[in-house]
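Survey of secondary and tertiary structure
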Amino acid sequence: MKLLVCISKTPDTTSKISFVNNGTQYNEEGISFIMNPYDEWYALVKAIEIKEKNGGTVTVINVGDASNDIVIRKALAIGADDAIRVDGKPTSAEYVAKQIAHIAKQQAYDIIFTGKETIDYNGSEVGPMVAELLDYDYFAFASDLSIDGSKKTVSREIEGGVEITTSTNPIVVSAAKGLAEQRIPNMQGIMMSKRKPLEIVNPIAVAEKVSVKIHTLPEAKKGVKLVDSNDMDELVRLLHEEAKAL
Amino acid sequence: MSVLIVIEAVEGKLNKGAFEICTYGYKTSKVLGTTCEALIIGDAHNATEVGKYGVANALQIGNISFDSKVFTQIIAKTANDLGADTIIFRHNSTAKNVAGRLAIRMDAGLVSGVKSIPQANGNTLLVDKSVYSGKAIATYEINSPVKVLTVMGNTIQPEIVGEAAIVTLSSTPIPASTTQVIERKTITGIVPLPEAEMVVSAGRGMKGPENWAIIEELASEIGATTACSRPVADAHWRPHHEHVGQTGVAIRPNLYFAIGISGAIQHLAGVNSSKTIVVINKDPEAPFFKAADYGVVGDLFEIVPKLTEAIRRFKQH
Ligand SMILES: Cc1cc2nc3c(=O)[nH]c(=O)nc-3n(C[C@H](O)[C@H](O)[C@H](O)COP(=O)(O)OP(=O)(O)OC[C@H]3O[C@@H](n4cnc5c(N)ncnc54)[C@H](O)[C@@H]3O)c2cc1C
Ligand SMILES: Nc1ncnc2c1ncn2[C@@H]1O[C@H](COP(=O)(O)O)[C@@H](O)[C@H]1O
């Protein structure tokens, strides 16, 4: 099986955030970046598990500049065989998807993995776009995937449950909790990752349709109103009359 | 040029989530000076009600089994036939499977998870969405002729503005599917978390799974759905689908009770868009109080039953 895993770099959730250039740009100063958790814990590990069981290769792909190489090397240390970095600026999901599809078109991957969303902009957009560009079947928020010959059986999260679907086509899946268990890279993996191939390719041109005009900070909460633990009638009254929530 | 909303029947009817999208679509059509049309997927006995929320024309297709390609093709064909250039979904599992595909197929700009009514600016649209775990709001501009939006739940309340609509059966042929749905397992009888208006959530402060009766009683008293923090799901005290937060389900109910949950940033990431947050915690320094609207400091095992009692009294009046 030829497997491709799309990995992105995101700021750690605990990062303080601020913006520069009149609110258009995220201030990267002093921020620690990580591999997007869904890409690392579920998408990548699932691809490695499939390779271990069914044979094949796991390639990781990232769209971004050379500062992303550290995240790519981590994916190689966890167990991917090789990596491709498209040396562009990931300005929109469409830009990223078109770079990935452009490369994947020449490679006939059986399964392409993404994370369910990036934890910064929460788009859930790249995966279905890649699927449409390649005419693959697509399953968002997969929590289970099994393979039997060319038949793939995917459980995907839906409101209040899961739906289980099969496909014999090549597929794109976005990975959610349950798909695999996080793996920590070991010393041997880290040593080997330094010798694994990382190919750097130039981006194709994409005309942007969406752009972020400005970032603003949400209105601060007014501050908590504390209610005496012996007076739950008062809490109910506040929730009813003031918050109009009950 | 018109607005097309795509909504689905759940268990044979359109629910409040669908009507929110009707109102959102109607308001968007007013901003754009056009009309709002609906494509209803699945059989819904109350389909004509979309008219009350401002939908001018509704097309319906019967129950079809889910396939992201099939849905995309049907929606694209419907939009093209109607000349619709702004296509709106609720940000639900269907949208997450289909909106990205549709944007590519229609060469449209997509913004997913928006939380404001669009503003028109010449031929472009401006919409807001919450980013960086709710720590910032990004205002997006879409400049392509065709636009696709997916809208967060609870962005807007359904508003009645008109009369029932006439619903026409869609004549769009249903393309053959290359995938096969073999099973659908959903919880019944309770509102799924992403759709819930009220959520009662509990954490490690509960000490063990045997203590959850007080949480369930409170939830059933107000018709809320139950949720939990991640360690609680990881320890199998509660089912995995109840786990909310960054790695679990993201929710934005009107009312969120956080009981015995410390309020770690990864937990807040999935719940801090809730309209009203009530925190019950014995530690006055628990970080959750900073994100709360109302707080009660004390032992949850005493407070929760008293709260349930107080609600019961309130409902009797
Ligand atoms: C990458 C990453 C992703 C994560 N994703 C998530 C996520 O999606 N969702 C999530 O929830 N967590 C997530 N976490 C874990 C998160 O950081 C916290 O560890 C977790 O939310 C803590 O759960 P808790 O509040 O239930 O437990 P604790 O932090 O142990 O808090 C228990 C609370 O109960 C209170 N308490 C105890 N006894 C009582 C009593 N008798 N009465 C009243 N109050 C009492 C205590 O004061 C305390 O505040 C993630 C962590 C990481 C690193
Ligand atoms: N710059 C990128 N390079 C490679 N893959 C990406 C990039 N951005 C996003 N992805 C993939 O697309 C998934 C969903 O991203 P998004 O649509 O932005 O929420 C991520 O989990 C990644 O798997």
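Overview of the structure. Please read all numbers here as calculations on a predicted model, not as lab measurements.

**Examining the overall build of chain B**
A count of helices and strands for chain B gives seven helices and 16 strands. Its C-alpha atoms give chain B a radius of gyration of 21 Å, near enough to 20 Å, the size a compact globule of 317 residues would have. In chain B, which comprises 317 residues, the share counted as buried stands at 58%. The contacts in chain B between residues at least 6 apart in sequence include a share of 64% that link residues at least 24 apart. Summed over its atoms, the accessible surface of chain B is roughly 12,400 Å², and 51% of this surface lies on carbon and sulfur atoms. Of note, chain B has its 29 positive side-chain charges centred 3 Å away from the centre of its 29 negative side-chain charges.

**Observations regarding the interface of chain B and chain A**
Across the boundary between the two partners, chain B contributes 85 residues, which contact 77 residues of chain A. When chain B packs against chain A, close to 7,000 Å² is buried across both sides, 56% of that on carbon and sulfur atoms. Of all residues in chain B, Ile104(B), Tyr132(B) and Tyr294(B) give up the largest surface area on contact with chain A, accounting jointly for 12% of the area buried on that side. Linking chain B with chain A are ten salt bridges. For Arg101(B), the salt bridge is made with Glu132(A), and the minimal N-O distance between the two is 2.6 Å. Counting across the interface, chain B meets chain A through 40 residue pairs in polar contact (both at pLDDT 80 or more). Classifying every residue of the side of chain B that touches chain A gives 38 nonpolar, 28 polar and 19 charged.

**With respect to the nonpolar core**
Nonpolar side chains in soluble globular proteins tend to be buried together. With 54 residues, the main nonpolar core has Ile112(A), Ile75(B), Ile87(B) and Phe89(B) as its most contacted residues. Considering each element in turn, this core owes the most residues, eight residues, to helix α3 (residues 93-104) of chain A. When neighbours within four sequence positions are excluded, Ile112(A) is seen to be in contact with Leu4(A), Cys6(A), Ala104(A), Val130(A), Leu134(A), Tyr136(A), Ile171(A), Val172(A) and Val173(A).

**Some thoughts on the pattern of salt bridges**
Think of it this way: side chains of opposite charge can pair up when their charged atoms draw near. A complete count under the given rule lists 33 salt bridges over all chains for this structure. Glu132(A) is the partner of Arg105(B) in a salt bridge, and the nearest nitrogen-oxygen pair spans 2.9 Å. Here Glu132(A) lies in helix α4 (residues 126-134) and Arg105(B) lies in helix α3 (residues 93-105), a pairing that spans two chains. The exposure class of Arg105(B) is partly exposed, given its relative accessible area of 42%. Two residues, Glu221(B) and Arg312(B), come together in a salt bridge whose shortest N-O distance is 3.0 Å. Here Glu221(B), found in helix α4 (residues 213-222), pairs with Arg312(B), found in helix α7 (residues 300-316); they are 91 residues apart in sequence, far enough to count as distant. Of the residues examined, Glu221(B) reaches a relative accessible area of 15% and is grouped as buried. Each of Lys16(B), Glu20(B), Arg90(B), Glu195(B) and Glu197(B) takes part in salt bridges that share partners, so that together they form one network.

**Comments concerning a nonpolar patch on the surface**
Residues Met187(A), Ile190(A) and Met191(A) make up a contiguous nonpolar surface patch of about 290 Å² in total accessible area. Mapped onto the elements, Ile190(A) comes out in helix α5 (residues 187-193).

**A few points about the site of ligand 2**
Residue and element names in this part refer to chain A. Around ligand 2, the structure places 19 residues, and the nearest of them are Cys-6, Asp-39, Val-63, Ser-124 and Glu-125. In this structure, an oxygen atom belonging to ligand 2 sits 2.7 Å away from a main-chain N or O atom of Cys-6. Within the contact set of ligand 2, an oxygen atom lies 2.7 Å away from a backbone nitrogen or oxygen of Glu-125. Within the complex, the protein chains bury 93% of what would otherwise be the 480 Å² of accessible surface of ligand 2. Contributions of two or more residues to the shell around ligand 2 are made by β6 (57-63), α3 and β8 (111-115). Here the element with the most residues in the shell around ligand 2 is β6; it accounts for three residues.

**What about empty space enclosed by the protein?**
In this structure the tally under the stated criterion is three cavities of 30 Å³ or more. Taken together, Pro11(A), Asp12(A), Thr13(A), Ser15(A), Ile17(A), Tyr26(A), Ile119(A), Asp120(A), Tyr132(B), Ser133(B) and Lys135(B) make up the lining of the largest cavity. Per-class residue counts for the lining of the largest cavity are five nonpolar, three polar and three charged. Approximately 60 Å³ is the volume found for the second largest cavity. Taken together, Ser92(A), Ala93(A), Glu94(A), Glu125(A), Met129(A), Glu208(A), Lys209(A), Val210(A), Ala108(B), Gly109(B) and Leu110(B) form the lining of the second largest cavity. Counting residues per element, the ones that place at least two in the lining of the second largest cavity are α3 of chain A together with β5 (109-114) of chain B. For the lining of the second largest cavity, a count of residues per class yields five nonpolar, two polar and four charged.

**Some remarks on the sheet that holds strand β13 (residues 198-201) of chain A**
Pairing is mixed across the open sheet formed by ten strands, whose spatial order is β13(A)-β7(A)-β6(A)-β1(A)-β8(A)-β12(A)-β9(A)-β10(A)-β11(A)-β11(B). Lying at the two open borders of the sheet, with one neighbouring strand each, are β13 of chain A together with β11 (179-186) of chain B. The mean inter-strand angle of the sheet, taken between neighbouring strand axes irrespective of direction, is 30°. In terms of strand pairing, strand β10 (residues 151-158) of chain A meets strand β11 (residues 161-167) of chain A through seven bridges, oriented antiparallel.

**A look at the sheet that holds strand β12 (residues 198-202) of chain B**
Reading across the sheet, the six strands line up as β15(A)-β16(B)-β15(B)-β14(B)-β12(B)-β13(B) and stay open at both edges, with parallel pairing between neighbours. Because the sheet does not close on itself, it has two edges, and the strands there are β15 (225-226) of chain A together with β13 (225-228) of chain B. Here β12(B) runs beside β13(B); their pairing, made up of four bridges, is parallel. Counted as the bridge partner of Ser201(B) is Ala227(B) from β13(B). Docked against the sheet, α4(B) engages β12, β13 and β14 (255-259) of chain B, running at close to 175° with respect to β12(B). Here α7(B) sits on the sheet and contacts β14, β15 (276-281) and β16 (294-297) of chain B; the angle it forms with β15(B), its principal contact strand, is near 135°.

**Let's talk about the site of ligand 1**
Neighbouring ligand 1 are 27 residues, the closest being Ser229(B), Ser262(B), Gln266(B), His267(B) and Asn281(B). This site is not confined to one chain, since residues near ligand 1 come from chains A and B. Backbone polar atom of Arg230(B) to an oxygen atom of ligand 1: 2.9 Å apart, as the coordinates give it. A distance of 2.8 Å separates a nitrogen atom of ligand 1 from a polar atom in the side chain of Thr247(B). For ligand 1, whose accessible area on its own is 990 Å², the fraction buried by protein is 79%. When contributions to the shell around ligand 1 are tallied by element, the ones reaching two or more residues are α5 (230-234), α6 (265-271) and α7 of chain B. Counted by class, the shell around ligand 1 contains seven nonpolar, 14 polar and six charged residues.

How each quantity is defined
Residues numbered from 1 in each chain as written. Chains lettered and ligands numbered in written order. Predicted model: local features only at pLDDT ≥ 70, side-chain atom pairs only at ≥ 80, totals over all residues. Heavy atoms only, no water. Helix = DSSP H or I, 4+ residues; strand = E, 2+ residues; numbered from the N terminus. Rg over C-alpha atoms; globule rule 2.2 N^0.38 Å. Buried < 20%, exposed > 50% of the residue type's maximum accessible area, 1.4 Å probe, protein only. Contact = heavy atoms within 4.5 Å. Areas by Shrake-Rupley, 256 points an atom, 1.4 Å probe, with all protein chains shown as cover. Lys, Arg positive; Asp, Glu negative; His and termini not counted. Charge placed at Lys NZ, Arg CZ, Asp CG, Glu CD. Buried area = accessible area lost by both parts, 1.4 Å probe. Salt bridge = Lys/Arg side-chain N within 4 Å of Asp/Glu carboxyl O. Polar contact = N/O pair within 3.5 Å; in protein donor to acceptor, adjacent residues only side chain to side chain. Nonpolar A, V, L, I, M, F, W, Y, C, P; charged D, E, K, R; others polar. Core = buried A, V, L, I, M, F, W, Y, C linked by side-chain atoms within 4.5 Å. Patch = residues over 30% accessible without salt bridge, like charges linked within 9 Å, V, L, I, M, F, W, Y side chains within 5 Å. Near = heavy atom within 4 Å. 1 Å grid on protein atoms, 1.4 Å probe; cavity = no way out; pocket = protein on both sides within 12 Å on 5 of 7 lines; lining within 4 Å. Points joined across faces, edges and corners; volume = space filled by probe spheres on them. Pairing = 2+ DSSP bridges. Axes fitted to C-alpha atoms, helices over the stretch in contact; angles between N-to-C directions.

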